[in-house]
Amino acid sequence: MNAGWEAAADLVVVGSGVAGLTAALDAAELGLRVVVVTKDAVDAGSTRYAQGGIAVVLGDVPGDTVEAHVADTLTAGAGLSDAAAVTEILYDGPAAVARLRARGAVFDSDADGRLARTREGGHSAFRVVPAGGDATGAEVERALLAATTDRRLPLLPGHVAVDALRDERGAVAGLAVLDDAGRPGVLRTPAVLLASGGYGQLYLSTTNPATATGDGLALALRAGAAVADVEFVQFHPTVLYTGPAVGRRPLVTEAVRGEGGLLLDRAGRRFMTGVHPLAELAPRDVVAKAISHTLAATGADCVHLDATAIPDFARRFPTVHAACRAAGIDPGREPIPVTPAAHYACGGVVTDLHGRTSVPGLYAAGEVARTGLHGANRLASNSLLEGLVIGARAARAVAADRNTPRPVAGNCLVPWPAVPLAPRELVQRAMSAAAGIGRDAAGIAAASDRIEAATALGVPAGRAGVEDAALTLLAQAVLAAAGTRTESRGCHVRTDFPERDDRWQRASLELTLDPTGRPVVRTGTAVAA
Ligand code: SIN
């Protein structure tokens, strides 16, 4: 296919959430010509939906330490977090948050004017910094977008990234995109940073916006990069339940439980007390699994979150309050009906701690990447922090790597290959049935067969096609990894292998594409303790 237009940049950032905009701003400050492409509006990604806050130890909470934050993160990660990654990222946190505040982000204060703190599942201290009560992501997105406007950073909304173009050595030489009308274009660049978020849309019910279709992971796989830990799809325990529905569901932040909300079964009984010493504040995988068991045992469609004891709920949690009111529920007076929903991809494109993938010139940061921070289960509110830290580090890596001379790709003929495509809703139904909380070999095999039978080769003609191709590939990858890991660990729950198995301790599953374009699991890679 002939590209309709061409432009050039030192760095093309794909995605305009916390990681992408942080990287873009930092790279511009380092003197790089940066373009940010995003397939939708600039604020349509997952960042603005983050509620709870940023988990960070700033030294002003008596008794809390970065070491304690590291320990909590490793516990949540269930043996698969990389200790070096956890330590480096969390120790970089305070500087990253200071930088964000200098860029204009405003966080909540308590009555004495100190930064407010809340607590979420798996945290041993009140260390999560909120903004706007429960609108942290919206404030982070606002501040970063305002900073990009101030800097006149070029943003290209309405352009979906299709494939990385590579030179004869396999290094990135550009990015092929399609605009909203399906017109192709090429951005010539030696560096592409994927910051395109996760793949919650692989499931029928998710907290993620419509943009979360895993395009960045699929692009990276097609470019030859490895992905890892993709079987660890985190389900948020509490989204507002308003009846069976498809698509993004309103989140009920874990901070509601952090500040006293109690989970009740259909008989009005607390069920978390016998499950974990931290009860409602157990790590997220434990709570989501307990809710699933309770739903299965009672035949109910939802459990309830009683937040009626939280003073002034509407002021403290304005986003949750508004969503409840829109559904006719008054959380100050009655329990909130909740269920789990797909929320966060703990795995992603394998990177080092500077966003570098195994493909020269291809970088990744944020939810699309797998740095080793999250392991088998992400600790709540660690992700905005990771986006800030790795976004900044990736900008510096791109600037440093730029000194390596690269041959300029000569022709502008973009390959635009045919790729496997399955109908989106069929994929979502198959994944929700077989790869949610509770998986087994028979279900995984049946889902694979169903998707396979519905898959045909096609050339994506626009955004929807690129997204469908990504979801098809991601479904194959998640099913392959979930079928291989014959144990239960973190957010990967196998009903036919319900226990943790030490043989899988510290083994992270990496996948790459085989010559036919199918994701295959490579030998488990050891994770540093
Ligand atoms: C929440 O506020 O419960 C979600 C925050 C997160 O996923 O880190």
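What you are looking at is a predicted structure, and each value in this text was computed from that prediction instead of being measured.

A. Region of interest: the site of the ligand. Around the ligand, a shell composed of Gln-51, Gly-52, Glu-120, His-236, Leu-251, Thr-253, Glu-254, Arg-284, His-343, Arg-378, Ala-380 and Ser-381 is seen. In the environment of the ligand, an oxygen atom lies 2.6 Å from a nitrogen or oxygen atom belonging to the side chain of Thr-253. Here an oxygen atom of the ligand sits 2.6 Å away from a polar atom, N or O, in the side chain of His-343. Its free accessible area being 260 Å², the ligand has 95% of it covered by the protein chains. Split into classes, the residues belonging to the shell around the ligand amount to 2 nonpolar, 6 polar and 4 charged.

B. Spatial organisation of helix H5 (residues 215-222). When you tally the buried positions in H5, you get 7 out of 8 residues, the bulk of the element. By the burial criterion, the buried members of H5 are Asp-215, Gly-216, Leu-217, Ala-218, Leu-219, Ala-220 and Leu-221.

C. Broad picture of the pattern of salt bridges. Evaluated as defined, the whole model comprises 42 salt bridges. Put simply, Lys-39, Asp-40, Asp-215, Arg-424, Arg-463, Glu-467 and Asp-468 are held in one network by salt bridges that share partners.

D. Representation of the state of the cysteines. Within this structure, the stated rule accounts for 0 disulfides. Note on Cys-346: no disulfide assigned, nearest cysteine sulfur contributed by Cys-491 at a separation of 3.9 Å. Taking relative accessible area as the criterion, Cys-346 reaches 2% and is therefore assigned buried.

E. Representation of the sheet that holds strand S20 (residues 369-370) in the model. One open sheet holds the 5 strands; their spatial order is S20-S18-S12-S24-S25, and the pairing between them is mixed. At either end of the open sheet lies a strand with only one pairing partner, and these are S20 and strand S25 (519-521). Relative to S20, strand S18 (residues 348-350) runs parallel, the two sharing 2 bridges. Bridge assignment links Val-349 to a residue of S20, and that residue is Ala-369. Along the sheet, helix H13 (residues 463-484) makes contact with strand S24 (510-513) and S25, crossing S25 at roughly 15°.

Cut-offs used in this document
- Residues numbered from 1 in each chain as written.
- Predicted model: local features only at pLDDT ≥ 70, side-chain atom pairs only at ≥ 80, totals over all residues.
- Heavy atoms only, no water.
- Near = heavy atom within 4 Å.
- Polar contact = N/O pair within 3.5 Å; in protein donor to acceptor, adjacent residues only side chain to side chain.
- Areas by Shrake-Rupley, 256 points an atom, 1.4 Å probe, with all protein chains shown as cover.
- Nonpolar A, V, L, I, M, F, W, Y, C, P; charged D, E, K, R; others polar.
- Buried < 20%, exposed > 50% of the residue type's maximum accessible area, 1.4 Å probe, protein only.
- Helix = DSSP H or I, 4+ residues; strand = E, 2+ residues; numbered from the N terminus.
- Salt bridge = Lys/Arg side-chain N within 4 Å of Asp/Glu carboxyl O.
- Disulfide = S-S within 2.5 Å.
- Pairing = 2+ DSSP bridges.
- Contact = heavy atoms within 4.5 Å.
- Axes fitted to C-alpha atoms, helices over the stretch in contact; angles between N-to-C directions.

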